[in-house]
Amino acid sequence: MTEPLTAADLALMQGLAQRVAATRPELVNSDASYGELAWNWGRGHAAHGAHWRRRLWFDGGDLVAWGWAQLPRRVHRNDGTVQDITGAYLAYQVDPAHAALVDEVIGWYDTTAAGLERTTLPGAADEFALQRWVAHGYGPGTGSWSQLNERDLTDVEEPLLPAGFRFRTAAEAGPEAAVAAHVAAWAPVAYDARSYEGVRQTRAYRGDLHILVEAPDGTMASSAILWFDEVNRSVEFEPVGTHPDHRRRGLARATLLHGMHRAREAGATHATVACMADLREFYYGVGFRELSRDVPLRKS
C-alpha cells in the first residue's frame, strides 16, 4: 500500500508501536513510538502531508512494518522566516518477528527519495537493522543522537512551583493558551492553531493530560503533552518545553512530576520521555533512566 498517510494508517502504526513496546521496548524506533507518531502526524499533516510518502507491509491482517518518508518542503515559521528542507527523512518500524522486512523498507525508501540526501534513525539495539542499513550504503549521520528514557510511577515526589505559579490543563485553559505555551518554548517554530487542531484530532490526545504552568501574569510558562498508551499502561511525554523567560526555575521538573501524578490517576504505571543527549542528566534527576538510543544514519 502507498500514500497518503491517513488517520487510519496512523492508528495501525500506533498499534504496531504498542505491540513492540510490550515485548521489545528497546526496539521501538525513534519517531515510531505511540505518542511520537500522534504528535508528529497531528501537528504536521495539514501543512506538510502532501510531502509525505508511506508504505505499509501486512502479514494477513496485521501491520508488521511501515515506512514514512518525509520529502523536501518549505517550512513557514512563526517569526516570518522560512526553512527549506532539501533532504529526505525516514521514520519506520519493523516488527521484530519480521526483521528481514527492513531490506524492503530500505529499498522502498531509496526508490522514493532517489537523488536526495537521505537520513534515518534506527535504534542502537537493533543490530540486524543496523547491519542492513550499512549494507545498503548508509553511514554515520551528522546530527546528534537522542535517547528514550523510562521510569515507573510507583514513587513520584510531589511537584513544587514558585509562588504565584499554578498548574492548568489545556482542557481548562483552551486552545489559545495551549498554542501560546508551545510557541513560546520552541520559537521559531512552525506551529499554530491549525497544528494544534490536528493534534487534538488524533485518537491518543487528551486535553486533561496536556499540562500547562501559568505564571502570575497569565503567561503560559511551561507545558507538556502526555500520550497515554492504555494497552501498556504507559504514558509518554512529548513535547516538554519552558518559556525562555521562566527557565531555571524548576518549572519543567514540576511539570513532569505533576504530569506523572495525573498519569497515575488515569491508570498509568510507567512513563517514557525522549531527549537529546545533552539533556539526559536533567531527566535522570527526575527519576528516568536510559531505555534506548538512536543511531543517525545518512546516505548522500
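Here the structure is shown first, and the text comes after it.
To keep things clear, this report deals only with the structure shown in the data block. Here the structure is a predicted model, which is why all the values come from computation and not from measurement.

Residue position: Asp31 is located in the loop between helix H1 (7-23) and helix H2 (34-48). Among the residues examined, Asp31 registers a relative accessible area of 18% and is labelled buried. Sequence-wise, Asp31 and Gln93 are 62 residues apart; in three dimensions their C-alpha atoms are separated by 9.0 Å. Those residues in contact with Asp31 that sit more than four places away from it in its chain are Glu36, Leu37, Asn40, Trp66, Tyr89 and Ala91. At a separation of 3.4 Å, a polar atom in the side chain of Asp31 contacts the side chain of Asn40.

By volume, the second largest pocket amounts to about 290 Å³. Taken together, the elements giving at least two residues each to the lining of the second largest pocket come down to H1, strand S8 (146-152), strand S11 (220-229), strand S12 (234-242) and strand S13 (270-276). The class makeup of the residues in the lining of the second largest pocket is 9 nonpolar, 6 polar and 3 charged.

Further remarks concern the sheet that holds strand S15 (residues 297-299). Across the sheet, which stays open at both edges, the 6 strands sit in the order S1-S2-S5-S6-S15-S7 with mixed pairing between neighbours. The open sheet terminates on both sides in strands that have one partner only, identified here as strand S1 (52-59) and strand S7 (139-140). Pairing of strand S6 (residues 118-120) with S15 involves 3 bridges; the strand directions are antiparallel. Residue pairing in the sheet places Thr120 in a bridge with Leu297 of S15. Where H1 meets the sheet, its contacts fall on S1, strand S2 (62-70) and strand S5 (88-94), and the angle it forms with S2 comes to roughly 115 degrees. Contacts from helix H3 (residues 102-112) reach S1, S2, S5, S6 and S15 within the one sheet, and its direction differs from that of S5 by about 160 degrees.

Glancing now at the side chain of Ser195. On the secondary structure map, Ser195 appears in helix H7 (residues 193-200). Residue Ser195 is classed as buried on the basis of its relative accessible area of 8%. Apart from the residues within four sequence positions on either side, Ser195 is in contact with Gly42, Arg43 and Ala190.

The next subject is empty space enclosed by the protein. One pass over the structure, following the stated rule, counts 1 cavity of 30 Å³ or more. In this model, the largest cavity occupies a volume close to 40 Å³. As for the largest cavity, its lining consists of Trp39, Ala178, His182, His210, Ser223, Ala224, Ile225 and Pro239. When residues of the lining of the largest cavity are traced back to their parent elements, those giving at least two are helix H6 (175-186) and S11. Sorting elements by how many residues they give to the lining of the largest cavity places S11 first, with 3 residues.

About the cut-offs
Residues numbered from 1 in each chain as written. Predicted model: local features only at pLDDT ≥ 70, side-chain atom pairs only at ≥ 80, totals over all residues. Heavy atoms only, no water. Helix = DSSP H or I, 4+ residues; strand = E, 2+ residues; numbered from the N terminus. Buried < 20%, exposed > 50% of the residue type's maximum accessible area, 1.4 Å probe, protein only. Contact = heavy atoms within 4.5 Å. Polar contact = N/O pair within 3.5 Å; in protein donor to acceptor, adjacent residues only side chain to side chain. 1 Å grid on protein atoms, 1.4 Å probe; cavity = no way out; pocket = protein on both sides within 12 Å on 5 of 7 lines; lining within 4 Å. Points joined across faces, edges and corners; volume = space filled by probe spheres on them. Nonpolar A, V, L, I, M, F, W, Y, C, P; charged D, E, K, R; others polar. Pairing = 2+ DSSP bridges. Axes fitted to C-alpha atoms, helices over the stretch in contact; angles between N-to-C directions.

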